[in-house]
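Structural description and commentary
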Amino acid sequence: MHKFILLLLSVFPLVVFGGPLMNPQTEGKIARLIQQMTLEEKIGQMTQRNGADGHEDQIRDGLIGSILNEIDTDKLNNIQRIAMKESRMGIPLIIGRDVIHGFRTVFPIPLGLAASWNPELIKQGTRIAAIEAASVGVRWTFAPMMDICRDPRWGRIAETLGEDQYLASVLAVAMVEGFQSDDLSNKDALAACAKHFAGYGAAEGGRDYNTTSIPEQLMRDVYLKPFKACTDAGVATFMVAFNEINGVPASGNSFLLKQILRDEWNFDGFVVSDWASITQMINHGYCRDDKHAAERSLNAGLEMEMATSTFIDHIKNLLDEQKITMQTIDDAVRNILRIKFRLGLFENPYTDPADFPELVNAEHLAAAKESAIQSVVMLKNDNQVLPLSKEIKSIAVIGPMADDQFEQLGTWTYDKNIEDTQTPLMALKKFDKSSAKINYVQTLEYSRAKDKKDFQKAVEAAEKSDAVLMFMGEESILSGEAHCRANIDLPGIQEDLIHEISKTGKPIVLVIMAGRPITIGNIIDKVDAILFSLHPGTMGGPALVDLIFGEVSPSGKLPVTYPKVVGQIPLYYNYKNTGRPFDPKTYVPMDSIPVRAWQTSLGNETHYIDAGHKPLYPFGYGLSYTTFEYSDLKLSSNKIKLVEKLQVSAKITNTGEVAATEIVQLYIRDLVGDITRPVRELKGFERLQLNPGESKTVTFELCKDDLDFHNQKMQLVTEPGKFHVWIGPSSTEGLQGEFEIVQ
Ligand code: GLC
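Residues numbered from 1 in each chain as written. Predicted model: local features only at pLDDT ≥ 70, side-chain atom pairs only at ≥ 80, totals over all residues. Heavy atoms only, no water.

**Quick look at the pattern of salt bridges**
- Counted under the stated rule, the structure contains 42 salt bridges.
- Measuring nitrogen to oxygen at the nearest pair gives 3.4 Å for the salt bridge that ties Arg156 to Glu481. Of this pair, Arg156 sits in the loop between strand S4 (140-141) and helix H8 (165-180) while Glu481 sits in the loop between strand S14 (467-473) and helix H19 (494-502), placing them 325 residues apart in sequence.
- Close ionic contact of Glu474 with Arg485 constitutes a salt bridge, the shortest N to O distance being 2.7 Å. One end of the pair, Glu474, is in the loop between S14 and H19; the other, Arg485, is in the loop between S14 and H19, and eleven residues separate them in sequence.
- Assessed through its relative accessible area of 0%, Glu474 is described here as buried.
- We classify Arg485 as buried; its relative accessible area is 16%. (Salt bridge = Lys/Arg side-chain N within 4 Å of Asp/Glu carboxyl O. Helix = DSSP H or I, 4+ residues; strand = E, 2+ residues; numbered from the N terminus. Buried < 20%, exposed > 50% of the residue type's maximum accessible area, 1.4 Å probe, protein only.)

**Some words on the domain arrangement of the protein chain**
- For the protein chain, the assigned domains read domain 1 (50-354), domain 2 (384-548) and domain 3 (628-742).
- Using only C-alpha atoms to locate each centre, domain 1 and domain 3 end up separated by 35 Å.
- Taken together, the contacts link 14 residues of domain 1 with 15 residues of domain 3.
- On the domain 1 side of the interface with domain 3, the three residues burying the most area are Trp117, Tyr166 and Gln217, jointly 52% of the side's total.
- For the pair domain 1 and domain 3, the interface holds zero salt bridges.
- For the side of domain 1 that touches domain 3, the secondary structure elements donating two or more residues are H8 and helix H9 (216-223).
- When residues of the side of domain 1 that touches domain 3 are assigned to their parent elements, the largest contribution, four residues, is made by H9. (Domains from an automatic or database assignment. Contact = heavy atoms within 4.5 Å. Buried area = accessible area lost by both parts, 1.4 Å probe.)

**Quick look at the nonpolar core**
- Core analysis: the biggest nonpolar cluster contains 173 residues, and Phe197, Phe238, Ile315, Met470 and Ile501 have the highest contact counts within it.
- A total of nine residues in this core trace back to one element, the largest contributor, which is H8.
- In contact with Phe197, not counting residues within four places along its chain, are Leu224, Phe227, Phe238, Met239, Val240, Ala241, Ala250, Leu256, Leu257, Ile260, Leu261 and Trp265.
- Val385, Ile395, Ala427 and Phe431 belong to the second largest nonpolar core, which has 32 residues in total. (Core = buried A, V, L, I, M, F, W, Y, C linked by side-chain atoms within 4.5 Å.)

Here you go:
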C-alpha cells in the first residue's frame, strides 16, 4: 500500500488543501531516504536536543534530527557539517529557537502587537525577526503562539494575540507569512510553529499548565480557529500544549493530532512536543511510565520529542511488542523530512552571516518603533492632558519603568542585547522638539520594590514640574511562562507612589508597561491620562515620547477585555447573554442594598453586587487625539439567502484637529441559534488614516461562512434567522443594523 501511494504521488501531485503542494520529486526523495534508513536513524530524526555542545557524536551517528537553543553560528555550521558529511544518511539538522517577538531587535510582546490590529505591520516585524534569526543559523521558530486567552492572571497572556479568535487568526497568519516568507527555501525563511495545540489559554484559574475543560463546540469555534487559519496558510509545524483537555493531555490527544489536524485539515508538516510534555503525561496520570508515554504520544500523532528521550529509549521495544507500528514511525519521519526539504536545508545547510543585513539596523529599529507606537492603547485622557505641549517648561519623570533597558523588553527575549534598548528617559533627553527640563526620580528600583525612601524626592520633582510622566507596571519576569498572578494590580507600592504624586495636583500621565492588563481601580481617578503600552520592546522609549508629544496619535485598540477587578475574570466581550442578562435599570450596587434587606427575586440578573457587569474598558477600545464620527450605516439588503453576500458600510469622519488612524470594527450577533450565540462576534476590521475633516466609507462583506458555528450535532452550519450588525470603534459602541438570512 505504502509503495503504491508513493507511486501515485510521483504521478499525480497531491494538492494539500490550503497548504503548499506536495512536490512529487521531493516525496520520491523522502521515500528513498526512508527506505535506506535504519530504525535508529529514523528515531534520530524524531529527536530534538538542547544546544550543540556534547551532541556531536550522536549527530554523527544519525541519532539527532533537530537542535534547539543554539545560536552560535560556528557551532551550528559545525554540527550541520557533521550531519551532512560524517553521518551515514547526510540529513541536515533543523535548528529551532523561540523567536517570539523579535530576535536581536525586540518588538512589542505579542499582546502589544495585537493591540495594533495591523497584520501588515506584524508581518513586517516577523519578517525582520526571521532575517535576524536566520543570519545566525536558526531556521525554525516556535511561534506564533495563538492560544486564545480570556484570563489576564495567566502569565502567558503576554504571548497571545488576545481573546478573540477572528483577530488572533488574522494576526497569526500574518506572523506565519512573515516568518516563512513566500518561499520556505529562502535562506532567511523560518519554519513557523503553530502553538500550543490546543486550548492552553483556557487553563483553569489562569494558572499555567492547569486543567482545561472545553466543550467541542467551543474548541472548534474559538480555540482551534487560529490554528486552522494557519494550517490553511501553510504553517510548517505545530507544537502541542502542556495541558490536558477534558482529561486527555494534548501530547497524547489523537482527536487533536489525528482527527482534526490530519483527517480534517490535511496538515502535512510535523508536530513537535513541548519541553518534556511527553513524560509529563505521567504526572497527568495519563501514562504509567516513560515507555507508556512514548506509546500514547506516538499513537496519538506526536512526531518529534523535545528535550526528553522516550522515543530513543522505547520505540524499538514498542515495535517489538506491536504497541506501535513502523507506519507510524515512517509517517513521522516523512513529515519531518518534508519540512527539511521545503526549507532547502539539503542544498543549503550552512549559514554565512555576511549574506544577511546587520542585526538591529536602522530599518529594523524603525519597524520596531512603528510597531511600538501602534501597540499603545490610550485608555484615558481627561482634560486633554495629552499630547503634552512642546513648549512645556519642565516634566517630572518618575517610576521604575522610565529607564530600564531590560524590563521594557518583556518575556521571551533570549537573544536581546540590552544595550540596544532605548528607554523613555533616553528618548525624552534626545527629543529635540521640546526643551523641557527633565526632573527624573526613579523612586522605585523595580516594580516590586517596597522602599519609600525616595518618595519625597519624587514629590519634590513633581511639585517643581509642569506635568508628571509616571512609567509604571510589571518587571518582565512577572508575566510569561509559569508566571501567573492571582492579583493583577500594580506590584509593590506603585499605587502608594501614585497617591503621593497625585497630592501635588499636577497633571499626571500614567504609562503602564506590563505583560497583561493591570487592574487600576484604586488609582484611576488619581491620574489624568493613561497609556497602556504593555512591554514595548527595543524602541519603546522613542515610540512613547512621540505619542506623548503628539508627533503621532495613539491608535491601538484593546485585544483583550480590561477588567475592573480580578474577581470579574474570566471576562470577555463575546459572552453569552444568559437567561437573566444584566439590566442596569434594576441593578442595585452592594452599598445601596438596604440593611437587613429580605431576599428577593427582583433585580436578580447576572452581575456582581460589588463590581457590576462591565469591564473597566471593553475589547476593541482605544482613544485617539482626535474624534471620529460614524454615520450612514448601510446594508446592501435586509434579507439575504444563504448563498448571497451582504455588504455593510458606514462613513467615518475625523471630526477633530489632528490626523489619526481609526480601527473600524465590524461585529454581528446571531439572535437565535441551535446553540446559544455570543452577544457580539468580531467579523472584520479596517485601519483608516483620516486627516482633520476627512471622511471615508468602509465597506465590509459578509457571507454564510462568516456566520457559521458548530451546532448540537457538531455540524458546521449557518442558520436562517435574524442578525444584528454593528460598525463601530469598539465591541460596545457603533451603528447598529439588522438583517435576516432566509432559506
Ligand atoms: C517552553 C514553552 C514553549 C517553548 C518551548 C521551547 O516550555 O512552553 O512555548 O517554545 O518550551 O523553549
